[in-house]
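Summary of the model geometry
The primary structure of each chain is shown beneath.
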Amino acid sequence: MRLHPSLALLLVLAPPAAMAQTIKPAPLLTAEAQQAFFNALREHCGKAYEGKVVIDNPKGSGFEGRLVMHVRRCSEQQLQIPFHVGENRSRTWLITQTGAGLLLKHDHRKPDGSDDSSTMYGGHTQDAGWPQVQSFPVDAVSKEQFVRQGLAASVGNTWQVYIYPKVFSYRLVREGREFRVDFDLTRPVDPPPTPWGY
């Protein structure tokens, strides 16, 4: 029995199933300073620390009560860091390696676990930064979200995250506004409850 020429050609060109499964995804590339920053923060995985507001200019609201950050879940690509304010468990910082740098997003949830009206805003690194400090200027999607919500001042946001041997800091800065929380890494505390939605 002879095969039709087109069928014979198809059999020759079609790769065996085993060959098709050997294709590996391209590796994510990260600047050395960004990888060192990510690794330094990941070393605290599973631990929680208490903090305090050290800069709040002009004075805002919503950060009354005990402040605790918890490096809760860590993978090779993402760190999930809930930020608890008293009994409020709505905030989780997500730091993700994208292959073009680091992405910071703010995952905000309601007590029932559903998305808050303002959630997943943040920014992406635009330079290598330093092993101790990374800056995240607001991204285009977040700018659109802020404008829709009447928060036009926030389109100038830059978030900064600092990791030193004794302190972790989260900072927000824009024209006319600066906010910073420092967490004492020398004194771990009991991990807080699971954040809303997780």
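Criteria and thresholds
- Residues numbered from 1 in each chain as written.
- Predicted model: local features only at pLDDT ≥ 70, side-chain atom pairs only at ≥ 80, totals over all residues.
- Heavy atoms only, no water.
- Helix = DSSP H or I, 4+ residues; strand = E, 2+ residues; numbered from the N terminus.
- Buried < 20%, exposed > 50% of the residue type's maximum accessible area, 1.4 Å probe, protein only.
- Contact = heavy atoms within 4.5 Å.
- Areas by Shrake-Rupley, 256 points an atom, 1.4 Å probe, with all protein chains shown as cover.
- Phe/Tyr/Trp six-rings, centres within 6.5 Å; stacked < 30°, edge-to-face > 60°.

What the chain contains, in helices and strands, is 4 helices and 11 strands. Burial status across the chain gives 39% buried among its 198 residues. Put simply, of all contacts in the chain between residues at least 6 apart along the chain, 49% involve residues at least 24 apart. Here the chain has roughly 11500 Å² of accessible surface; of this, 56% comes from carbon and sulfur atoms.

Counted according to the given criterion, the structure contains 10 aromatic pairs. Plain terms: the ring middles of phenylalanine 63 and phenylalanine 83 are 6.1 Å apart, the flat faces sit at 20° to each other, and that makes the pair stacked. One end of the pair, phenylalanine 63, is in the loop between strand S1 (48-57) and strand S2 (67-70); the other, phenylalanine 83, is in strand S4 (residues 78-85), and 20 residues separate them in sequence. In this structure phenylalanine 63 comes out as partly exposed when scored by relative accessible area, which is 26%. Using a relative accessible area of 2% as the deciding quantity, one classes phenylalanine 83 as buried. An angle of 55° between the planes, with centres 5.4 Å apart, marks the rings of tyrosine 121 and phenylalanine 146 as tilted. Here the residue tyrosine 121 occupies a position in strand S7 (residues 121-124), and phenylalanine 146 occupies one in helix H4 (residues 140-148), the gap between them amounting to 25 residues. A connected cluster of aromatic rings, assembled from ring pairs, spans Phe63, Phe83, Trp93, Phe168, Tyr170, Phe179 and Phe183.

Functional significance is not addressed by these values, which are geometric in nature.
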